[in-house]
Amino acid sequence: MENWRELLKDKSVKYWIRTEIEEIIKEKSVDRKRFYEYSKTNYQKIINGFYYAFVDYKKYPKVELSYCWLHFRQELKEIDCVSETIGWECMLAKIKERLSYDWNKKVYLILSDGWVYEGYIDTITDVLNEVDGLLEDFYIVTPQFDKLAAYTDDGQCLCIYEK
């Protein structure tokens, strides 16, 4: 596993988390029908759907993923906010526990670096549980863009919202 890290020094920081996730998928033999990088030609459609559903885009019209959690709409209903101090795995488990959703359906994982993934929550959290720290903010959102789990590295917490 350490060999792939050596290759990162020649890549932009933006690619580090994508490379790490790819390595986790390979090492853990993750079923690519359960978790995969979304079509790059459709990234913007998913990012825009997320942004316009949850961010106050009238005040912040430029679609940006970095720190967009600071610009969430006031009318969002916060279901829970969980600190990372309870443990990374426990914190991630709260998504499924606290967010009302049919977990037999796929959701999107959007990273603040701009990468978009699609998959089932159990597989997504399994992969996220293996990430070593290159991960900053991320958003897990339903395809209907009505429910959201937002992790912020700065706040070391995961907040769960519904529209």
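Residues numbered from 1 in each chain as written. Predicted model: local features only at pLDDT ≥ 70, side-chain atom pairs only at ≥ 80, totals over all residues. Heavy atoms only, no water.

1. Focus: the pattern of salt bridges
- Tallied over the full model, the rule gives 11 salt bridges.
- Residue R32 pairs with E22 through a salt bridge whose shortest N-O separation is 2.6 Å. Note that R32 is positioned in the loop between α2 (16-27) and β1 (35-37) and E22 in helix α2, a separation of 10 residues in sequence.
- Given a relative accessible area of 40%, R32 falls into the partly exposed group.
- E130 is the partner of K28 in a salt bridge, and the nearest nitrogen-oxygen pair spans 3.8 Å. Linking K28 in the loop between α2 and β1 with E130 in the loop between α5 (121-128) and β5 (138-141), this pair joins segments that are 102 residues apart in sequence.
- According to the relative accessible area criterion, E130 is partly exposed, its value standing at 32%.
- When salt bridges that share partners are traced, they join R18, E37 and K40 into one network. (Salt bridge = Lys/Arg side-chain N within 4 Å of Asp/Glu carboxyl O. Helix = DSSP H or I, 4+ residues; strand = E, 2+ residues; numbered from the N terminus. Buried < 20%, exposed > 50% of the residue type's maximum accessible area, 1.4 Å probe, protein only.)

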